[in-house]
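Breakdown of the fold
Given next are the chains, with one letter for each unit.
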Amino acid sequence: MSTAGTGGPGSGGVRRAPAAALASVTLASVAVLGGVGVPAKASPAGLPSGTITTVAGGAGGPALATLVPFYSPYTCGTVQYDRGHLYIGDQGGAVRAVSTRTDWLTTPAGVGQNGYSGDGGPASRAQLGVPCAAAIDYAGNLVIADKGNGRVRVVAATTGTFYGRHLIRGNIYTVMNGGAVCKVAAGSGSFCPVDVIADNSGNILVSNEGTEDPRSPSVTQIIVIAARSGTFYGRKMLAGKHYLLADGAGAQLAVDHAGNILAARGSRVTVLAERSGRFYGQAMRPGHVYVVAGTGTIGSSGDGGPARKAKLSNATGVAIDPSGNVVIGDSNANHVRVVAVATGTFYGRNMTAGDIYQIAGVRNGLTGNGVPAARAKVSSPHSITIDGSGNVVLCDAGSVARVIAVRTGTFYGKHMKAGDIYTVAGNRRGTPYAAEGGPATSAQGASGGIAIDRAGNLLIAAGRLRVVAGTTGTFYGKPMTAAHIYTIAGGGTGGLGDGGPAASARLGAADVAVDGAGNLVVTDRGNQRIRVVAAHSGMFYGRSMTAGDIYTVAGDGTAGFAGDGGPATSAELSDPQGVAVDQAGNLVLVDVGNSRVRVVAAATGTFYGQAMTAGRIYTVAGNGTCAFAGDGGPATSAELCFVNPDAVAIDASGNLVVADPENSRVRVVAASTGTFYGQFMTAGDIYTVAGNGATGSSGNGGPATSAELHYPEGVASDSHGNLIIGDSASEQVRVVAASTGTFYGVAMTAGDIYAVAGNGHFGLTGDDGPAVSAELANPAWVTVDGAGNLLFDDDSNGRIRKIAGH
């Protein structure tokens, strides 16, 4: 087998023109849509071969808070204010901090993917498992209710001793571990922290939705973690130890000006008295629980009357405003309500002490920005806090944080009118493009089909087509900064956009390749087409194209199977995904819904054992049946079975490599007759080159055809002729060695298969260490850059990661 590869990038196949076509071209001098640049360096200095890093994708931020989508804070996330910031628990595995002055969002903890890792290390690299809430303690440390891991964790603001142990600034630590998987059920004996707040003595109060004691009939508790040794709530406590204060508490907690603890739970809001006195119109004794609002009967009534006689539908949020009033998020009723602590005018209304009033929400929805809150639609306001200006902040089920302005002024960087409601964080549309123009490693959802263009930039196809600049310069008509991310195609919401600017087109990009002229070829699965973004003006694919515009070169937009042998633009496609450009310039695509691999001929001639005419489309592998059959015979008679995603590549000898995931195999359609992968092959016939048909991950270090594969979705060929496989469900990137040697830090024998990334465990760990020790999450698309580094789409982690190849 030849070791002189043609580039091979991604599960999308050959991503650059064949070596012969580029022999006189250097990456540093190639113009790409009016821009020139030099490729990025091979890998960060000092990283040995086989080291893994992240090059795109992250938790989100820093950015304007309204541009960063939250995974869904509704399922448990809360919002709390402290020292100029809102702290929002984002279920997707991050804690967000939003400046109340500028509305700028940062992510002080979490990588944006659920899991458990990182204790004792930097919080920015830690995995959180459904972080429900976050608060700032007396020393400025960030305290997190990590429900999914059954832990309370702390990010140290400074180096010192806190909670009875030594903590290092910026690192994350567990200060309470329930020791059991979170189960929200009576008597479960598990620890499910859903809220954390600091009390007036600096201790941490925890709302536990499980129970530590399996004998307890309650499913909610208030637990205190002592910040220092002393007497609190009438009990002697030791620093770092935790104590049960009350059973039958609520999901969200608040501490009033007297130090009493309020809890929102179902049809009531209750208070645990910290000391003797008269509060909320009642005489109270320390350690006793009293009702502040709600009858215990589910409903939504009683506005303008006594709070204890009102019905609440599902009180999940509670906060104390600067006047001492109790603000309630009545989530099932879609209302924000207030219990007045004294008679006076609050929120633009005359209120009587002890009575309850609705101040926001008319019914379920997310409308009314910039209009009176009382007329706006809100959606399950499940968490409430009061910011430093006295504004009411609610966490809305639409995955946004909204503010009810208490007075007219400028808050969160925008002018607000008293009594009106505004969105200040989150993005209901959930768009993953918030990092536009910013560092690629901060971009959410930066994963998909990948390729390297002729200037060394990383292309990512995931709905839109985005580019991570390999160097600072002008590419695709845009000034770009090295390692920053930009959209170059897609984003339009109107018509298809053919014949117009690519950036304005409607696009559902699944994969991308680069042809011999530098044009970008995109599988548009959303529109059942193959489309091309022209690199420069000229004649391509039999039509005149303008630089930067987008055109359809295959598919008529109808999902189906028709048109073989006819014009490619008149053919029907069904869920086109992987795409490659072969050595003759033909476009090769995976037509997933039709269980076929098809080719759009670039010229008239014989390819893959068939006579083809330029501009027409042909099936070169698969008979339309999703099964396994046909090895050693004509590829067009074989059975293939695809899933999502699915890739093709062109190897160093020009053969077509197909990921056949449902059959747990990687197969090759021979481009010419000869011996490849240790087998004699006939042009146009199909052969298995990796996988024995059994689903699994065994066989590393042995013959590739004897190994198990587990949903191999990505394929590529590197410059050494090695076959690279994104073996998705095995959580590994694997390589079939073309020759004996050391590749990606692993010693290999020709014909055998090896894991070069992934330890087989689902997760997100390992950056800056050996790739074989890292945790991955469904690695799919694969590619190789011009410096020999291997890049792959770590799909469920929303990242592109790189393995140093030098």
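Glancing now at the overall build of the chain. Secondary structure assignment for the chain yields zero helices and 72 strands. Counting only residues that meet the buried cut, the chain has 60% of its 806 residues in that class. Looking at the chain alone, contacts between residues at least 24 apart form 49% of all its contacts between residues at least 6 apart. Surface summary for the chain: the accessible area is close to 26500 Å², and the carbon and sulfur share equals 51%.

This part covers the pattern of salt bridges. Counted according to the given criterion, the structure contains 20 salt bridges. For aspartate 90, the salt bridge is made with arginine 96, and the minimal N-O distance between the two is 3.1 Å. Across the pair aspartate 631 and arginine 667 runs a salt bridge, and its minimum N-O distance is 2.9 Å. Here arginine 667 lies in strand β60 (residues 665-669) and aspartate 631 lies in the loop between β57 (617-621) and β58 (648-650), a separation of 36 residues in the sequence. Overall, the relative accessible area of 0% leaves arginine 667 in the buried class. Each of Asp119, Asp146, Arg151 and Arg153 takes part in one network of salt bridges that share partners.

Strands sit in the order β46-β47-β48-β51 across an open sheet of four strands; the sheet is antiparallel. With one partner strand each, in any of the chains shown, β46 (509-514) and β51 (550-554) form the two edges of the open sheet. Averaged over all pairs of adjacent strands, the angle between strand axes in this sheet comes to 30°, irrespective of strand direction.

Our next topic: the state of the cysteines. If you walk through the whole model with that rule in mind, you get one disulfide. Note on cysteine connectivity: cysteine 626 is disulfide-linked to cysteine 641, with sulfurs 1.7 Å apart. Residue cysteine 626 is located in the loop between β57 and β58, and its partner cysteine 641 is located in the loop between β57 and β58; the two are separated by 15 residues in the primary sequence. Given the relative accessible area of 45%, cysteine 626 is considered partly exposed.

It is worth spelling out the environment of leucine 458 at this point. Following the sequence through the fold, leucine 458 ends up in strand β41 (residues 458-462). For leucine 458, a relative accessible area of 5% translates into the label buried. The spacing of leucine 458 and alanine 483 is 25 residues in sequence and 9.3 Å in space, taken between C-alpha atoms. Those residues within four positions of leucine 458 in sequence are excluded, and the remaining contacts are Val55, Ile450, Ala451, Ile452, Arg466, Val467, Val468, Leu791 and Ile800.

Here we take up the layout of surface pockets. By volume, the largest pocket is sized at about 700 Å³. Together, 39 residues line the largest pocket, and Gln113, Gly445, Ser447, Asp795 and Gly798 are the ones closest to its centre. At the level of elements, β7 (94-99), β41, β46 and β70 (779-784) are the ones that each hand at least two residues to the lining of the largest pocket. A breakdown of the residues in the lining of the largest pocket according to their chemical character gives 14 nonpolar, 18 polar and seven charged.

Next up on the list: the packing of aromatic side chains. Tallying each qualifying case throughout the model produces zero aromatic pairs. Residue placement shows arginine 665 over the ring face of phenylalanine 628; its charged tip is 3.7 Å from the ring centre.

Attention now moves to the environment of alanine 56. Position of alanine 56 among the secondary structure elements: in strand β3 (residues 52-56). For the pair alanine 56 and arginine 799, spaced 743 residues apart in sequence, the C-alpha separation works out to 5.5 Å. Setting aside residues up to four positions removed in sequence, alanine 56 forms contacts with Ala440, Thr441, Ala446, Ile460, Val468, Gly798, Arg799 and Ile800.

What follows is about the confidence of the model for the chain. When pLDDT is averaged along the chain, the result is 88, and 89% of the positions lie at 70 or above. Below pLDDT 50 for its whole length, residues 1-45 participates in 152 contacts with residues either more than four positions away or in separate chains.

Another point: the pairing of strand β66 (residues 732-736). With respect to burial, β66 is a largely interior element, five of its five residues being buried. Across the two faces of β66 the burial is the same, with Gln732, Arg734 and Val736 and Val733 and Val735 all buried. Inspection of the sheet shows strand β65 (residues 723-727) paired to β66 by five bridges, in the antiparallel sense. From the neighbouring strand, aspartate 727 faces β66, where its bridge partner is glutamine 732.

Strand order in the open sheet made by the four strands is β64-β65-β66-β69, with antiparallel pairing throughout. Of all the strands in the sheet, just β64 (712-717) and β69 (753-757) have a single pairing partner and so form its edges. Averaged over all pairs of adjacent strands, the angle between strand axes in this sheet comes to 30°, irrespective of strand direction. Judged from the five bridges that link them, β64 and β65 form a sheet pairing that is antiparallel. The residue bridging serine 717 from the neighbouring strand is leucine 723, located in β65.

This part takes up the pairing of β3. Within β3, four of the five residues are buried, which leaves it mostly tucked inside the rest of the structure. Pairing of β3 with strand β72 (residues 799-803), which is carried by four bridges, proceeds in the antiparallel orientation. Bridge pairing in β72 links alanine 56 to isoleucine 800.

Let's shift gears to the nonpolar core. Here is a general trend for soluble globular proteins: nonpolar side chains tend to be buried in one another's company. Residues Leu458, Ile460, Val657, Val666, Tyr677, Met681 and Leu723 are the most contacted members of the largest nonpolar core, which totals 35 residues. Of all the elements in the fold, those that place two or more residues in this core are β40 (449-452), β41, β59 (656-660), β60, β63 (686-690), β65 and β70. For this core, the element with the highest residue contribution is β63, accounting for three residues.

What follows is about a nonpolar patch on the surface. On the surface, Leu64, Leu67 and Trp104 cluster together into a nonpolar patch covering about 270 Å² of accessible area. Note that leucine 67 resides in the loop between β4 (63-64) and β5 (79-82). Exposure remark for leucine 67: the relative accessible area of 41% places this residue in the partly exposed category.

Attention now goes to the environment of aspartate 660. Tracing the sequence through the fold places aspartate 660 in strand β59. Setting aside anything within four residues of it in sequence, one finds aspartate 660 in contact with Phe628, Glu639, Leu640, Cys641, Arg665, Arg667 and Pro712. Side chain to side chain, aspartate 660 and asparagine 663 meet in a polar contact 2.9 Å long.

All right, on to the side chain of asparagine 149 then. Mapped onto the secondary structure, asparagine 149 falls in the loop between β10 (142-146) and β11 (151-155). A polar atom in the side chain of asparagine 149 sits 2.9 Å from the side chain of aspartate 146.

Here we come to the side chain of threonine 688. Tracing the chain through its elements places threonine 688 in strand β63. Polar contacts involving the side chain of threonine 688 include one to the side chain of aspartate 631, which spans 2.5 Å. Side-chain polar atoms of threonine 688 contact the side chain of arginine 665, separated by 3.5 Å. Those residues in contact with threonine 688 that lie beyond four places of it in its chain are Phe628, Asp631, Arg665, Val666, Arg667, Gln679 and Thr705.

What counts, and where the lines are drawn
- Residues numbered from 1 in each chain as written.
- Predicted model: local features only at pLDDT ≥ 70, side-chain atom pairs only at ≥ 80, totals over all residues.
- Heavy atoms only, no water.
- Helix = DSSP H or I, 4+ residues; strand = E, 2+ residues; numbered from the N terminus.
- Buried < 20%, exposed > 50% of the residue type's maximum accessible area, 1.4 Å probe, protein only.
- Contact = heavy atoms within 4.5 Å.
- Areas by Shrake-Rupley, 256 points an atom, 1.4 Å probe, with all protein chains shown as cover.
- Salt bridge = Lys/Arg side-chain N within 4 Å of Asp/Glu carboxyl O.
- Pairing = 2+ DSSP bridges.
- Axes fitted to C-alpha atoms, helices over the stretch in contact; angles between N-to-C directions.
- Disulfide = S-S within 2.5 Å.
- 1 Å grid on protein atoms, 1.4 Å probe; cavity = no way out; pocket = protein on both sides within 12 Å on 5 of 7 lines; lining within 4 Å.
- Points joined across faces, edges and corners; volume = space filled by probe spheres on them.
- Nonpolar A, V, L, I, M, F, W, Y, C, P; charged D, E, K, R; others polar.
- Phe/Tyr/Trp six-rings, centres within 6.5 Å; stacked < 30°, edge-to-face > 60°.
- Lys NZ or Arg CZ within 6 Å of the ring centre and 35° of its normal.
- pLDDT = per-residue confidence, 0-100.
- Core = buried A, V, L, I, M, F, W, Y, C linked by side-chain atoms within 4.5 Å.
- Patch = residues over 30% accessible without salt bridge, like charges linked within 9 Å, V, L, I, M, F, W, Y side chains within 5 Å.
- Polar contact = N/O pair within 3.5 Å; in protein donor to acceptor, adjacent residues only side chain to side chain.

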